[in-house]
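# Results of the structural survey
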Amino acid sequence: MSKASQISRGDKSRNARLGRLRELVPTTSAIVGIDLADAKQMVVVCDHDSRVLARKTFRVRAWDLGSALDWAAEKAAKVGFAGVTVACEPTGHRWRILGQLAAERGMAFVCVQPLISAWARRGEDLTSDKTDEKDAVIIARLTAQLRCYVPEPVDETWGRLRHLGARRERLVVELTAQIQQVRDLLECVWPAALTAANYPFRSTTWAATMTVILDRDGGDFARTKRLGLKRLENQVRKEVIRWGGEKPTLRITRNMFVALEDRAGVIAHRRGALERVEFVLADWRETRQRRLEVEQRMVAVLDELGLTELITSIPGLGAVGAATILAETGDPHRFTSARALVKHAGLAPRERSSGTFVGRTRVTGQGRPGLRLAAWRGIWGTLRANPVHAARYTYLTTREHNRLKPTQAQAAVAAALLRQLYAVIVAGRRWDPDVATFGLRRRPVEVAA
């Protein structure tokens, strides 16, 4: 049966998006394309056929572009346009400044993805020419074709969460680098220390014991041996508190004391390498404390938004993990659907079919990498504590037809987590396992079956 007269859900979504963009880029307004730079801004005023009505180079900083917008509005009014729409690429921080200047003047503001403008630049004359003048015209032309998007609205609280999330991600990268450095150095000069605990870098006792030993005698270990096990344990109890713990696991301390006799490793480099380990351990402790402080502030922002109780209703998802995800997404209300949020993360499936050919489905991977990583980290807890996610993962990895690999199933569960997080926040309802499993549209008879 033909479906030519029917409109799909994707068609409706696209039509609605184009309608919203047309309100910002009406045919009664001229388009001001701006190629942003540090101290040189190229501004062109175009109509909807990409014909340049005015062009001027402003050698000013981004904060001084208000005069350029006033000039563009004056030029547009002279040729009969009722207003202007300002368009640019999201270059660094400058596009935010331009958006604020446009809002102060009541001008519509949109952005063009740099990837789309790069493709359009190649298709302009099949060359790789790139100039500020051409880029500004290309930005205006893509805006006239509605190949642009509405940037995230400015909000003080959500903006603060974004900045805190960026800070936390930087600290996580530093922590990972410090752990890898300590591991590499110990594997070279004192590998027995890494076997004292099952997961040494998750153990506060291990880090405290290592700090006490290195603070006393570096790589010689003679003073620590003379100190004895009992007095070492007493010092470790004090050091654990400085590392943020309460009570040490003395089994690990005893294993470390036994490892002092181990001569495996490059002995000639032991003293110098362990001195570096002492420095890195101090940096590691400070970085951990800074990360905890940032995480406390992120949770405080969630409390200010009134989202903590809703978000933590999802089993296995803590307040810090949810705050990390929302720091990448911004306010979920700006997305038209849960699928739009999943596509923003690059976790939506990508279809490949033509005629009778059906290719392999993969995730797009074209979204926000930080959001994709945050969602992937978020399922580490939900796969253990959330029965719906655990059952979904088991089903995807054990079904007979189209069985997924573990990493593929994790990506699917991460996408489900984003959809459920969107639904919880937008609907303002706590997480419901029945809704998460079957959805609101499933009839009771089908659920019972």
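Reading the values: rules and limits
Residues numbered from 1 in each chain as written. Predicted model: local features only at pLDDT ≥ 70, side-chain atom pairs only at ≥ 80, totals over all residues. Heavy atoms only, no water. Salt bridge = Lys/Arg side-chain N within 4 Å of Asp/Glu carboxyl O. Helix = DSSP H or I, 4+ residues; strand = E, 2+ residues; numbered from the N terminus. Buried < 20%, exposed > 50% of the residue type's maximum accessible area, 1.4 Å probe, protein only. Core = buried A, V, L, I, M, F, W, Y, C linked by side-chain atoms within 4.5 Å. Contact = heavy atoms within 4.5 Å. Axes fitted to C-alpha atoms, helices over the stretch in contact; angles between N-to-C directions. Left-handed = near helix turned anticlockwise from the far one by under 90°. Nonpolar A, V, L, I, M, F, W, Y, C, P; charged D, E, K, R; others polar. Expected span 1.5 Å × (residues − 1). Polar contact = N/O pair within 3.5 Å; in protein donor to acceptor, adjacent residues only side chain to side chain. Patch = residues over 30% accessible without salt bridge, like charges linked within 9 Å, V, L, I, M, F, W, Y side chains within 5 Å. Areas by Shrake-Rupley, 256 points an atom, 1.4 Å probe, with all protein chains shown as cover. Lys, Arg positive; Asp, Glu negative; His and termini not counted. Charge placed at Lys NZ, Arg CZ, Asp CG, Glu CD. pLDDT = per-residue confidence, 0-100. Parallel < 35°, antiparallel > 145°, perpendicular 65-115°, else oblique.

On to the pattern of salt bridges, then. Scanning all chains against the criterion turns up 24 salt bridges. Glutamate 74 serves as the salt-bridge partner of lysine 78, at 3.9 Å between the closest nitrogen and oxygen. Placement of both lysine 78 and glutamate 74 in helix α2 (residues 66-78) is noted, with a separation of four residues, approximately one turn of the helix. A salt bridge links arginine 105 to glutamate 104; its shortest N-O distance comes to 3.9 Å. Classification of arginine 105 as partly exposed rests on a relative accessible area of 33%. Residue class for glutamate 104 comes out exposed when judged on its relative accessible area of 55%. Here the salt bridges share partners, and the residues they tie into one network are Asp38, Arg61 and Arg94.

A separate point is the nonpolar core. Soluble globular proteins tend to bury their nonpolar side chains together. Among the nonpolar cores identified, the biggest contains 41 residues, and Leu161, Ile311, Leu326, Leu347, Leu418 and Leu421 are the most heavily contacted of them. A total of 10 residues in this core trace back to one element, the largest contributor, which is helix α17 (residues 406-427). Beyond its immediate sequence surroundings of up to four residues, leucine 418 is in contact with Ile325, Leu341, Val342, Ala345, Leu347, Leu371 and Ala375. Formed by 36 residues, the second largest nonpolar core is a distinct cluster that contains Leu175, Ile252, Ala273 and Trp284.

Interhelical geometry of helix α16 (residues 387-398) versus α17 gives an angle of 145° and a closest axis separation of 9 Å. Here α16 runs over α17; the crossing is right-handed. Contacts between α16 and α17 involve His389, Arg392, Tyr393, Leu396 and Thr397 on the former and, on the latter, Pro406, Ala409, Gln410, Ala412, Val413, Leu417 and Gln420. Its residues assigned to classes, the contact of α16 with α17 shows seven nonpolar, four polar and one charged.

Bringing helix α6 (residues 156-189) into the picture now. An α-helical turn contains 3.6 residues, so a residue and the one three or four places further along point in the same direction. In this model, α6 (34 residues) spans 50 Å end to end at C-alpha, consistent with the 50 Å of a helix rising 1.5 Å per residue. Residue aspartate 155 occupies the N-cap position of α6, its side-chain oxygen lying 3.1 Å from the main-chain nitrogen of threonine 157.

This next bit is on a positive patch on the surface. There is a patch of like positive charges on the surface, built from Arg9, Arg14, Arg17, Arg20, Arg339, Lys343, Arg392 and Arg419. Those elements giving two or more residues to the positive patch turn out to be α1 (9-24) and α14 (338-345). Top contributing element to the positive patch by residue count: α1, with four residues. Mapped onto the elements of the fold, arginine 339 is located in helix α14.

This part is about helix α10 (residues 250-259). Those residues of α10 that sit buried are Leu250, Ile252, Thr253, Met256 and Ala259. In this structure, the buried side of α10 is in contact with α7 (204-217) and α9 (229-242).

Here the focus is the confidence of the model for the chain. Within the chain, residue pLDDT values average 89, and 93% of them lie at 70 or more. Taken as a whole, residues 440-449 scores under 50 in pLDDT and shows three contacts with residues more than four places along the chain or in a different chain.

Attention now goes to the packing of helix α11 (residues 270-305) against helix α13 (residues 319-329). Where α11 meets α13, the closest approach of the two axes is 9 Å, and the angle between their N-to-C directions is 75°. Between α11 and α13, the angle falls in the class roughly perpendicular. From α11, Glu295, Met298, Val299 and Leu302 reach across to α13, where they touch Ala319, Val320, Ala323, Thr324, Leu326 and Ala327. Residue composition of the contact of α11 with α13, by class: eight nonpolar, one polar and one charged.

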